[in-house]
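# Observations on chain architecture
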Number of protein chains: 2
Amino acid sequence: MADLTPELLSGIRGDLLNGVPVIVYDFDKREEEADMVFYAGAITWSSINRLRKDAGGLICYVTGSEEARDIGLRFLTDEWKTHPVYNGLIKRPSYGDYPSFTMWVNHVSVSTGISDSDRASTIRELHNLLTDHVINKEEYFHRNFYAPGHVPILASRGLEQRRGHTELVSRLAELIGLPRSMVIAEMLGEGKSMKKDAAERYASENNLIFLEGKDILRA
Amino acid sequence: MADLTPELLSGIRGDLLNGVPVIVYDFDKREEEADMVFYAGAITWSSINRLRKDAGGLICYVTGSEEARDIGLRFLTDEWKTHPVYNGLIKRPSYGDYPSFTMWVNHVSVSTGISDSDRASTIRELHNLLTDHVINKEEYFHRNFYAPGHVPILASRGLEQRRGHTELVSRLAELIGLPRSMVIAEMLGEGKSMKKDAAERYASENNLIFLEGKDILRA
């Protein structure tokens, strides 16, 4: 457990702005997963490289649901709940919350979309679009991105509604005064998700800040 | 270049049935990417582990478009072309072909869906559903899977229409007399996709069969 003192928050902000990840574990009895988290405004191809080699899960872009709405995106669960066929596939996962996926995209400038530098480009462009003062964001999004692509966009429902990594890191961004614009991937072990103690050990060995959902909830 | 002789085809079949991957490079001047390919009927958590560590790209399940239709799935490009908002996002990637994505799913039995063993379970269940004599496949699919999840399902448009890895490995399955039910991920290098010669070297060092799109087209 870590107390999110002003000093610690400032350390987290400094690390993220410098392209250094933090590790965020959700909750015992929920997913019980630790995610590696980068600030999208500082993403480079080597961050993607580290996410796929050291974390190993799905590399996702995270923003708020307001920002997603600004570019015309809805939750896929909402989109497909009224779909004549796909509505049959909308169920709650075993850990209880609906997923936060909206869409998978590539920026038009990328080659195939999957390499470290292609995914970094797509994410950097998403970050610029969602944090800059673009007048018609939806129109810009439609002109400069295509779907389906290789970067899933997750949108936060807010911690009152869902307690997933998407909501935790969006809240963390607010706490440190950065835009809700983050990149996450689950830390995996051999066969199973990485256990909490192994994720803590990884953080400590690599000099990374390790946080838990309960720390963020209390802050 | 490899001639797909009966002996080589039988070697490929034997490897895939034994859970050994083959490497398939598409074409010069197209994606110029090599994919690691497993047969879904022989997938285990350690295959997923190898796909994420040695290949590094998106781990996708591949089937034919007829099989996808049997479970009620359409190409997302078709699905979204008539969507009032998302139609703006449907574009051809720089290499020319529309993507072959249909949907991202998890099997209901998984925990969070992303670990090696969870993704192996989802893929094994997809394989069983699509290759067994299930009476109402769409109904079974809706009862036993949920979306959005962590395993993208790619459907082949046939090599006459598209020359991607999806179509190449579906055709390869037909050539060796296996169901169109494969698992693929792009092989990545540092920053960029792995170059053809590096993928060939990986195959040779690991005693894996290396094929090119043109070998499959000529067979």
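What you are looking at is a predicted structure, and each value in this text was computed from that prediction instead of being measured. (Residues numbered from 1 in each chain as written. Chains lettered and ligands numbered in written order. Predicted model: local features only at pLDDT ≥ 70, side-chain atom pairs only at ≥ 80, totals over all residues. Heavy atoms only, no water.)

## A word on the sheet that holds strand E5 (residues 145-156) of chain A
All names here are of chain A. If you walk across this open sheet you meet the 7 strands as E4-E5-E3-E6-E2-E1-E7, and the pairing is mixed. Both edges of this open sheet fall to strand E4 (101-107) and strand E7 (210-212), since each of them pairs with a single strand only. Within this sheet the neighbouring strands show an average axis-to-axis angle of 40°, counted without direction. As paired elements, strand E3 (residues 60-64) and strand E6 (residues 181-186) share 4 bridges and run antiparallel to each other. (Pairing = 2+ DSSP bridges. Helix = DSSP H or I, 4+ residues; strand = E, 2+ residues; numbered from the N terminus. Axes fitted to C-alpha atoms, helices over the stretch in contact; angles between N-to-C directions.)

## Structural notes on unusual backbone geometry
All names here are of chain A. For the bond from Ala-147 to Pro-148, the omega torsion is -10°, close enough to zero to count as cis. Structurally, the position occupied by Pro-148 is in strand E5. Look at Glu-32: it is not a glycine, yet its phi comes out positive at around 55°. The topology assignment puts Glu-32 in the loop between strand E1 (22-25) and strand E2 (34-39). Note on Glu-32: relative accessible area 38%, which makes it partly exposed. (Buried < 20%, exposed > 50% of the residue type's maximum accessible area, 1.4 Å probe, protein only.)

## Description of the relation of the copies chain B and chain A
Aligned on chain A, chain B shows an RMSD of 0.0 Å; the corresponding rotation is 180° and the shift along the axis is 0.0 Å. A rotation of that kind, with that shift, is consistent with a two-fold axis. Closest to the rotation axis within chain B is the C-alpha of Lys-53 of chain B, separated from it by 3.3 Å. The residues that chain B uses at the interface reappear at the interface of chain A in 100% of cases, marking a shared surface. (Least-squares fit on C-alpha atoms with pLDDT ≥ 70 in both. Contact = heavy atoms within 4.5 Å.)

## Quick word on the environment of Ala-198 of chain A
Structurally, Ala-198 of chain A can be placed in helix H8 (residues 196-205). With 10 residues separating them along the chain, Ala-198 of chain A and Leu-208 of chain A place their C-alpha atoms 13 Å apart.

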